[in-house]
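Descriptive analysis of the structure
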Amino acid sequence: MKLTKKQKDFCEYYLQTGNATDAARKAGYSKSSAQQTGSENMSKPVISEYIAIRQAEMDKRLIADTDEVLKFYSSVMRG
């Protein structure tokens, strides 16, 4: 997946804020065209895919998988 530095920065800021216009401004795009640039970036398949992959990675770190849950309950039951 090939992204420019600005596009990657845009994605990371978008993941933090959830706001494409704000993410475009913070990534260094022109303030006067940030709304249009943010919208255009969100419609690009490579950017949408990157954001989806990063979101899945973030979710995976936050949500316990079945092994973690079973180990926790086992340790609680066994004291």
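Residues numbered from 1 in each chain as written. Predicted model: local features only at pLDDT ≥ 70, side-chain atom pairs only at ≥ 80, totals over all residues. Heavy atoms only, no water.

**What about the packing of aromatic side chains?**
Filter applied, for reference: Two aromatic rings, drawn from Phe, Tyr or Trp (for Trp, its six-membered ring), form a pair once their centres lie within 6.5 Å of each other, and the interplanar angle then sorts them: stacked below 30 degrees, edge-to-face above 60, tilted otherwise. Working definition: helices are DSSP H or I runs of at least four residues, strands are E runs of at least two. Numbering for both runs from the N terminus. Note on exposure labels: buried denotes an accessible area under 20% of the residue type's maximum, exposed denotes more than 50%, and partly exposed covers the range between, all computed with a 1.4 Å probe on protein chains only.
On inspection of all chains with the given rule, the structure shows 2 aromatic pairs. Summarising the aromatic geometry, the rings of F10 and Y14 are spaced 6.3 Å apart at their centres and angled 20° between planes, so their arrangement reads as stacked. Here F10 pairs with Y14, and both are found in helix α1 (residues 5-17), just 4 residues apart, close to one helical turn. Among the residues examined, F10 registers a relative accessible area of 0% and is labelled buried.

**Some remarks on the nonpolar core**
What counts is decided by this rule: By nonpolar core we mean a set of buried residues, namely Ala, Val, Leu, Ile, Met, Phe, Trp, Tyr and Cys, connected to one another through side-chain atoms within 4.5 Å. Here a residue-residue contact requires only that any non-hydrogen atoms of the pair lie within 4.5 Å.
If you look at the biggest cluster of nonpolar residues, it comprises 13 residues, and the most contacted ones within it are L3, F10, C11, A24, Y29, I47 and I51. In terms of residue count, helix α2 (residues 20-27) provides more of this core than any other element does, 4 residues in total. Filtering out sequence-adjacent residues up to four positions away, A24 remains in contact with F10, Y29, A34 and G38.

**Regarding the environment of I51**
For I51, the location among the structural elements is in helix α4 (residues 45-62). Since its relative accessible area comes to 10%, I51 is described here as buried. For the pair I51 and K6, spaced 45 residues apart in sequence, the C-alpha separation works out to 14 Å. In contact with I51, other than residues within four places in its own chain, are C11, Y14, L15 and M42.

**Things to note about the side chain of Q7**
To be explicit about the condition: As used in this structure description, the phrase polar contact means that two N or O atoms lie within 3.5 Å; if the pair is within protein, one of them must be able to donate a hydrogen and the other to accept it, and residues adjacent in sequence are counted only when both atoms belong to side chains.
Mapped onto the elements of the fold, Q7 is located in helix α1. Owing to a relative accessible area of 12%, Q7 belongs among the buried residues under this scheme. For Q7, the side chain forms a polar contact with the main-chain nitrogen of T4, separated by 3.0 Å. Ignoring sequence-local partners within four residues, the contact set of Q7 consists of K2, Y29, K44 and I47.

**Some points on the packing of α1 against α4**
Put simply, the test is: Angles shown run from 0 to 180 degrees and are taken between the N-to-C directions of axes, each axis being a line fitted to C-alpha atoms and, for helices, limited to the stretch in contact. Working rule for angles: under 35 degrees goes down as roughly parallel, over 145 as roughly antiparallel, 65 to 115 as roughly perpendicular, anything else as oblique. Less than a right angle of anticlockwise turn of the near helix away from the far helix marks a crossing as left-handed, whereas a clockwise turn marks it as right-handed.
For the pair α1 and α4, interaxial distance at closest approach is 10 Å and the crossing angle is 45°. Taken together, the axis directions place α1 and α4 in an arrangement best described as oblique. The way α1 lies across α4 gives a crossing that is right-handed. Contacts between α1 and α4 involve Q7, K8, F10, C11, E12, Y14 and L15 from the first element and I47, Y50, I51, R54, Q55 and M58 from the second.

Coordinates in, geometry out; function isn't part of it.
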